[in-house]
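Chain by chain, the residues run as shown.
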Amino acid sequence: MEDLRVTRPATHIWRLLKWGRTLARHGALRGIERDPNTPPQVKRLVRLARFGTVQPAEPDYAGAFQAIGPAAIKLGQTLATRPDLVGEDAAHNLLSLQDSLPPVPFAQIKHQIERSFERPLEELFSSVDPEPVGAASIAQVHRAVTTEGREVAIKVLRPDIREKFARDIATYEWAAAHLEALGGEAMRLRPRLTIANFKRWTNSELDLRREAASASELADAMRGVEGYRIPEIDWDRTNGRVMTIEWVDGVKISNRDALLEAGHDMSDLARRLVLAFLNQAISGGFFHADMHQGNLFVQADGTIVAIDFGIMGRIDQRARQWLAEILYGLITGNYKRVAEIHFEAQYVPSYHSVDEFATALRAVGEPMRGKPVSELSVGQMLDGLFAITRDFDMQTQPHLLLLQKTMVMVEGIATQLNPAINMWETSAPYVRSWMRDELGPEAAIADRIREDTETLLRVPQLVRRLEEQFPAKGGAPDQPPLPDVELMWDRSERKTGGGLRGWPGYLIAALAGGAIVYAGSMMGWLG
C-alpha cells in the first residue's frame, strides 16, 4: 500500500487536479461549486480544476467516474449511497454507473492464473474460453471446464490492480483528511470514515479468497431459504488472485421478457427476492450488498441465484433489532417509537427533542401513506430520512448506508418484475414475525437466561484473576500493626506549609548551635 507519510502533498494535489479536470469536462463539479456548504478552500480548488474546460448542460457524474479509472468507478458506486454527501441528483446519476472496462488480453490472464498457482493452466482446466463473459474494474470472468469435467466460472484480478488502487486510495485518504479538518458540515459528514469503509470494501474485493469465503458463509446462512441459492466455490482452484465458482445457467433477472417467455411468475419472483434480502439483512445480519440486476439470475425451476460477493454488509444483533423496529414503526405510522429508537441507538444526539424528531419523521412518512401501491417507494422514504439528518446533527452510519443502497437496488428490481408490488406489505409480515421471535417475551427470557449463564461461566475466570491480583500469603508470620507517628516536619508543613522554615526549624538550629558551643568550651577550644 502507498504510504501517506511518503507521498508528497504535491503529488496528491496533482492527482486531484487531474481528476478534477475530468470531472469538470463532464460538468460534475458544478454542484460542488454551487453548494453553500462547500468550504471556500474546496471551491478555489474546483475553480482551478475547471479553468478553460467546456462543460455540458447536464452533469454526467457516472461518465466522469468511468473516465477516471477503476478505483474511481468503485468510489462512484460508493458515493451513490451518499445523497447527503454528493447531493440527490449526483447520487441518482451514479446509480447508473456501470462497472465495466475493456478486457485484458487472455495471454495476461493466463499468466496471472499460472503464476498464482505455480502450475500450467492445462493441469487445472481442460478448457478455458479466451473471450471473457464480463470485464469489470477489478477483475474479469472466463467460462471454463475443470479437468474433472465440471463447468465453472474463473474470476481473475487484473494485472497490477492492487497497486493502482493503493495509489488512488492514498490520495482519497489525504483529501478526505484535509476536507474533514476544515470543520463544519464536512466534519459532520465524516468523509474520512467514508473512505475508510471504501478502502475496507475494496481490499476485500482485491482478495478473492475473502470473496469466496463470503459466498460460502452466505450459502450456509441461506441454505434453508426457498428459491434462493449461492453457487458452490471450487476451493482447490481458488487463491488471492483467482476464484473458481460453479457456472450458473439462467436468465438475467433484468430480462423480463425472457422470464415471461420461460413461464416464470413475476410476482412470486419479486416476493421471494424481497424476502431473501430481509432474511439476510435482518435475520442473519450478513447480506449481499451488490444485488444489482447483473448479479442475479433465474434458473429454469425459478430459483434465484446470486453471484459476485465482493461487497458484503454486516449488522450486529442490536442494530438489527433497532432496524426491524424502525421499519415496522414506519410501516404502522408509530413515529414516536421510531424517534425513540434513533435516540436509544445514539444516532441522534441527546440534546435534541424526541418529540420534534418524531414530528420530522411524520413529515417524511405521512405523505406516502394511503397512496396507490405503484407510488410507494422504500427508496423515497429513505431519501427523506437522509434529508432530516442535518437538522438533527446525525452523523452518518456507514453500515446503514450500505443497507440503504441495497434496499434501493432490491426495490428497483422487485418493481421491475412486478410494478404492482407493495414493498411495505411484502415486508411487514416478515418483520412482524421476526420481531415477535426476537423481541417478544419468550425471546427476552431466552436472552436473559443466555446472558446469565454466560456470566456464571465467567465466574471461575474472574476468581483466577482476583487470585493473581491478590496472591495467597506466604510462610512468614504476619507483622504486627505499627502505629502512625506524625513526623515533626510533616506536622510543621501541615500547619505552616513550609517544612523546616517555621519555628521548629529555628529551635532545632539553636539547640544544635548551643550544644556545639558548650562542647567547645568544655574541651578548652574556646579560650
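Everything numeric in this text was worked out from a predicted model, so none of it was measured.

Conventions and cut-offs
Residues numbered from 1 in each chain as written. Predicted model: local features only at pLDDT ≥ 70, side-chain atom pairs only at ≥ 80, totals over all residues. Heavy atoms only, no water. Patch = residues over 30% accessible without salt bridge, like charges linked within 9 Å, V, L, I, M, F, W, Y side chains within 5 Å. Areas by Shrake-Rupley, 256 points an atom, 1.4 Å probe, with all protein chains shown as cover. Salt bridge = Lys/Arg side-chain N within 4 Å of Asp/Glu carboxyl O. Helix = DSSP H or I, 4+ residues; strand = E, 2+ residues; numbered from the N terminus. Buried < 20%, exposed > 50% of the residue type's maximum accessible area, 1.4 Å probe, protein only. Axes fitted to C-alpha atoms, helices over the stretch in contact; angles between N-to-C directions. Parallel < 35°, antiparallel > 145°, perpendicular 65-115°, else oblique. Contact = heavy atoms within 4.5 Å. Nonpolar A, V, L, I, M, F, W, Y, C, P; charged D, E, K, R; others polar. Core = buried A, V, L, I, M, F, W, Y, C linked by side-chain atoms within 4.5 Å. Expected span 1.5 Å × (residues − 1). Polar contact = N/O pair within 3.5 Å; in protein donor to acceptor, adjacent residues only side chain to side chain. Pairing = 2+ DSSP bridges.

Chemist: So what exactly am I meant to see when it comes to a nonpolar patch on the surface here?
Modeler: Nonpolar side chains collect at one region of the surface, where Ile13, Leu45 and Leu48 lie side by side and expose about 250 Å² of accessible area between them. With respect to the secondary-structure elements, leucine 45 resides in helix H3 (residues 40-50).

Chemist: Could you clarify how one ought to interpret the pattern of salt bridges in this entry?
Modeler: Any two side chains of opposite charge can pair, so long as their charged atoms come close to each other. This structure, assessed with the given rule, holds 22 salt bridges. Put simply, lysine 74 and glutamate 205 hold a salt bridge, and the shortest N to O gap is 3.2 Å. Of this pair, lysine 74 sits in helix H5 (residues 70-79) while glutamate 205 sits in helix H11 (residues 191-205); the two residues are 131 residues apart in sequence, bridging distant segments of the chain. The pair lysine 74 / glutamate 205 is uniform in exposure class, with both members buried. When the shortest N-O distance is used, the salt bridge between lysine 155 and glutamate 211 registers 3.0 Å. A residue pair is termed long-range when its members are at least 10 positions apart, and lysine 155 in strand S4 (residues 151-157) and glutamate 211 in helix H12 (residues 208-221) qualify at 56 residues. The buried category is assigned to lysine 155, whose relative accessible area is 15%.

Chemist: Would you mind showing me how to read the packing of helix H4 (residues 61-68) against H5 here?
Modeler: Between two packed helices, the angle of one axis relative to the other and the distance separating the axes together describe the packing. It is the contact of H4 with H5, at a shortest axis distance of 7 Å, that shows an interaxial angle of 150 degrees. Viewed along their axes, H4 and H5 adopt a mutual orientation that is roughly antiparallel. Two secondary-structure elements touch here, H4 through Phe65, Gln66 and Ile68 and H5 through Ala72, Ile73, Leu75, Gly76 and Leu79. Across the contact of H4 with H5, the residue classes break down as six nonpolar, two polar and no charged.

Chemist: Would you mind going over the nonpolar core with me for this structure?
Modeler: Among the nonpolar cores identified, the biggest contains 84 residues, and Tyr172, Tyr228, Phe277 and Leu296 are the most heavily contacted of them. If we skip the residues at most four places from it in the chain, leucine 296 touches Tyr228, Val251, Lys252, Ile253, Leu273, Met291, Ile304, Val305, Ala306 and Ile413. The next biggest cluster of nonpolar side chains, apart from the first, holds 19 residues, and it includes Ile326, Tyr335, Ala339 and Tyr347.

Chemist: Could you clarify how one ought to interpret H12 in this entry?
Modeler: In an α-helix, one turn spans 3.6 residues, which is why side chains three or four residues apart end up on the same side. An ideal rise of 1.5 Å per residue puts 20 Å on 14 residues; H12 measures up with 20 Å between its terminal C-alpha atoms. Buried residues along H12 sit in contact with S4, H11, strand S6 (242-246), helix H14 (266-284), strand S8 (286-288) and strand S11 (312-314).

Chemist: Is there a simple way to think about the side chain of histidine 352 in this case?
Modeler: With respect to the helices and strands, histidine 352 occurs in the loop between helix H16 (335-344) and helix H17 (354-365). Exposure remark for histidine 352: the relative accessible area of 19% places this residue in the buried category. A distance of 3.4 Å separates a polar atom in the side chain of histidine 352 from the backbone oxygen of phenylalanine 392.

Chemist: Hey, could you run me through the sheet that holds strand S9 (residues 296-298) in this one?
Modeler: Two pairing modes exist for strands in a sheet, parallel and antiparallel, and in both the strands are linked by backbone hydrogen bonds. A sheet is described by the order of its strands in space; here four strands give the open sequence S5-S10-S9-S7, paired in mixed fashion. In this open sheet, the two edge strands, each paired with only one partner strand, are strand S5 (228-229) and strand S7 (251-252). As judged from the three bridges shared by S9 and strand S10 (residues 304-306), these two strands associate in the antiparallel manner. Paired with phenylalanine 297 across the bridge in S10 is valine 305. The strands that H14 touches are S5, S9 and S10; relative to S10, the one it contacts most, it runs at about 45 degrees.

Chemist: I would appreciate a short explanation of the environment of alanine 213 in the present structure.
Modeler: Relative to the helices and strands, alanine 213 resides in helix H12. The spacing of alanine 213 and phenylalanine 309 is 96 residues in sequence and 9.0 Å in space, taken between C-alpha atoms.

Chemist: What exactly am I supposed to notice about the pairing of strand S3 (residues 139-146) here?
Modeler: Pairing geometry for strand S1 (residues 125-128) and S3, over three bridges, is antiparallel. Opposite phenylalanine 125, over in S3, you have threonine 146 as the bridge partner. Bridge analysis of strand S2 (residues 134-135) against S3 gives two bridges, and the strand direction is antiparallel. For alanine 135, the partnering residue across the bridge sits in S3 and is glutamine 140. Here S2 hands over to S3 after three residues, the two strands then running antiparallel side by side. With seven bridges connecting them, S3 and S4 associate as antiparallel partners.

The values reported here are purely geometric and, on their own, carry no functional implication.
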